[in-house]
Amino acid sequence: MTVIDRPTLTTARATRLPWLHRVHPLAKLVATLPLIVAMFLVRDLATPLVAIAASLALIVTGSSLSLRSKLGVVIGAPLVALVLSITLGVWADRDAVGSTPLLAQLGPWPLHLAGWLDGLETGLRMVAIVLLALLAGSTTSAGDFVRSLVQQLRVPYRFGYAALAAFRFVPRFRGELETIRRAHRVRGIGGRGPVAWLRAQLSTAVPLLAAALRHADRVAIAMEARAFGYSEHRTERHRVPLAAADWMFAAVSVLVTVAVVAVAPSWHDGVAAWLAGLVTGNGRS
């Protein structure tokens, strides 16, 4: 069965994994959540650019992703932002952006400079949110995250560990799906073409759902047999302690976020003028 979880905090500290793996899950949550929320509120180019640059630097230096994966993230993030800037830019209000230079004519859709900048702003914010989530998600064990919510934030363990049990279903469902597909191939179910593909996908839904319900029943019975939820409180076999370095990481991250959100919007006009000069070739907006 495929294991999709990350190394635990204890394992990461014992084996000296890259430094982001050794930071407490809640410290990473405190470090990234304010900036993720800020991405929904800011309306400038510089703030998401700074967030993207910082996220890429942290992922490259602090995660145990393979070199190929890191190159994919570093190269893919700007490309995705560029594609989003174009696809979103062509839908800009023509009355509002029509007076700015025409950058391209994509069939019936003109891409004006102001529309492209608006699309770029939205695309950068979307990419920044994904990278900030990747920063914490790629270096945090799901089990440690749930344990930290229960141990430090006092989330009721009935909800936390039930959610963790549901998360453990994912690799099992992947195996069940592969078994169902093999059974269909043996029986000659399937074929070529998009219609056959769609029919094959739909035919796997019912047996997969039945298998999921059976497994959920077994897990629920097993948890009840072990008195899960009987007591208001429970002891913890695996502790996820917060260290002084975790508090420092969270505090510095919040301070940097406040500084970026306060200062970076003032750089918007300069960044927009530089980009406009870059795409129009005249060095000015």
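Residues numbered from 1 in each chain as written. Predicted model: local features only at pLDDT ≥ 70, side-chain atom pairs only at ≥ 80, totals over all residues. Heavy atoms only, no water.

## With respect to the pattern of salt bridges
Applying the stated criterion across every chain, the model contains four salt bridges. Ionic pairing is found between arginine 13 and aspartate 246, a salt bridge with its closest N-O pair at 3.1 Å. Placement of the pair is arginine 13 in helix α1 (residues 9–15) and aspartate 246 in helix α11 (residues 244–263), with a sequence separation of 233 residues. A relative accessible area of 28% means that arginine 13 is categorised as partly exposed. We note a salt bridge from glutamate 178 to arginine 185, for which the minimum N-O separation is 3.6 Å. Since its relative accessible area comes to 32%, glutamate 178 is described here as partly exposed. One salt-bridge network, held together by shared partners, links Glu178, Arg182 and Arg185. (Salt bridge = Lys/Arg side-chain N within 4 Å of Asp/Glu carboxyl O. Helix = DSSP H or I, 4+ residues; strand = E, 2+ residues; numbered from the N terminus. Buried < 20%, exposed > 50% of the residue type's maximum accessible area, 1.4 Å probe, protein only.)

## A word on empty space enclosed by the protein
Under the definition given, this model contains two cavities of 30 Å³ or more. By volume, the largest cavity is sized at about 40 Å³. In terms of lining residues, the largest cavity is bounded by Pro7, Thr8, Leu9, His21, Val23, Pro25, Lys28, Thr139, Thr140, Ser141 and Asp144. By volume, the second largest cavity amounts to about 30 Å³. Contributing to the lining of the second largest cavity are Gly89, Val90, Ala92, Arg94, Val97, Pro110, His112 and Gly115. Here the residues of the lining of the second largest cavity are counted per class, giving four nonpolar, three polar and one charged. (1 Å grid on protein atoms, 1.4 Å probe; cavity = no way out; pocket = protein on both sides within 12 Å on 5 of 7 lines; lining within 4 Å. Points joined across faces, edges and corners; volume = space filled by probe spheres on them. Nonpolar A, V, L, I, M, F, W, Y, C, P; charged D, E, K, R; others polar.)

## Digging into the packing of helix α3 (residues 46–62) against helix α4 (residues 67–89)
Axis separation between α3 and α4 bottoms out at 10 Å; the angle between their running directions is 175°. Considering the angle they form, α3 stands roughly antiparallel to α4. In contact with Leu56, Ile59 and Val60 of α3, α4 contributes Lys70, Val73 and Val74. Among the residues forming the contact of α3 with α4, the class breakdown is five nonpolar, no polar and one charged. (Axes fitted to C-alpha atoms, helices over the stretch in contact; angles between N-to-C directions. Parallel < 35°, antiparallel > 145°, perpendicular 65-115°, else oblique. Contact = heavy atoms within 4.5 Å.)

## A few points about the packing of aromatic side chains
If you walk through the whole model with that rule in mind, you get four aromatic pairs. Arranged with centres 6.1 Å apart and planes meeting at 50°, the rings of tryptophan 91 and tryptophan 109 form a pair that is tilted. One end of the pair, tryptophan 91, is in the loop between α4 and α5 (94–97); the other, tryptophan 109, is in strand β2 (residues 109–112), and 18 residues separate them in sequence. (Phe/Tyr/Trp six-rings, centres within 6.5 Å; stacked < 30°, edge-to-face > 60°.)

## Quick word on the nonpolar core
In terms of nonpolar packing, the biggest core is built from 39 residues, with Leu45, Ile52, Trp116, Leu117, Val127, Leu131 and Leu275 touching the most fellow members. Every element with two or more residues in this core is listed here: α2 (25–41), α3, α4, α6 (113–137), α11 and α12 (268–280). The element contributing the most residues to this core is α6, with 10 residues. Ignoring anything within four residues of it in the chain, the contact list for tryptophan 116 reads Leu82, Ser85, Ile86, Gly89, Leu103, Leu111, Leu275 and Val279. By size, the runner-up hydrophobic cluster in this structure holds five residues, among which are Val146, Val150, Tyr157 and Leu164. (Core = buried A, V, L, I, M, F, W, Y, C linked by side-chain atoms within 4.5 Å.)

## What about the pairing of β2?
Taken together, the four bridges between strand β1 (residues 102–106) and β2 define a ladder with antiparallel strand orientation. Its bridge partner lying in β2, leucine 102 is registered against histidine 112. (Pairing = 2+ DSSP bridges.)

## Concerning the side chain of histidine 24
With respect to the secondary-structure elements, histidine 24 resides in the loop between α1 and α2. A relative accessible area of 0% means that histidine 24 is categorised as buried. Not counting chain neighbours up to four residues away, the residues in contact with histidine 24 comprise Leu9, Arg13, Ser148, Gln152, Val240, Pro241, Leu242 and Asp246.

## Points about a nonpolar patch on the surface
A contiguous nonpolar patch, built from Val60, Leu67, Leu71, Val74, Ile75 and Leu79 and spanning about 540 Å² of accessible area, is present on the exposed surface. In terms of residue count, the dominant contributor to the nonpolar patch is α4 (five residues). Here leucine 79 is to be found in helix α4. (Patch = residues over 30% accessible without salt bridge, like charges linked within 9 Å, V, L, I, M, F, W, Y side chains within 5 Å. Areas by Shrake-Rupley, 256 points an atom, 1.4 Å probe, with all protein chains shown as cover.)

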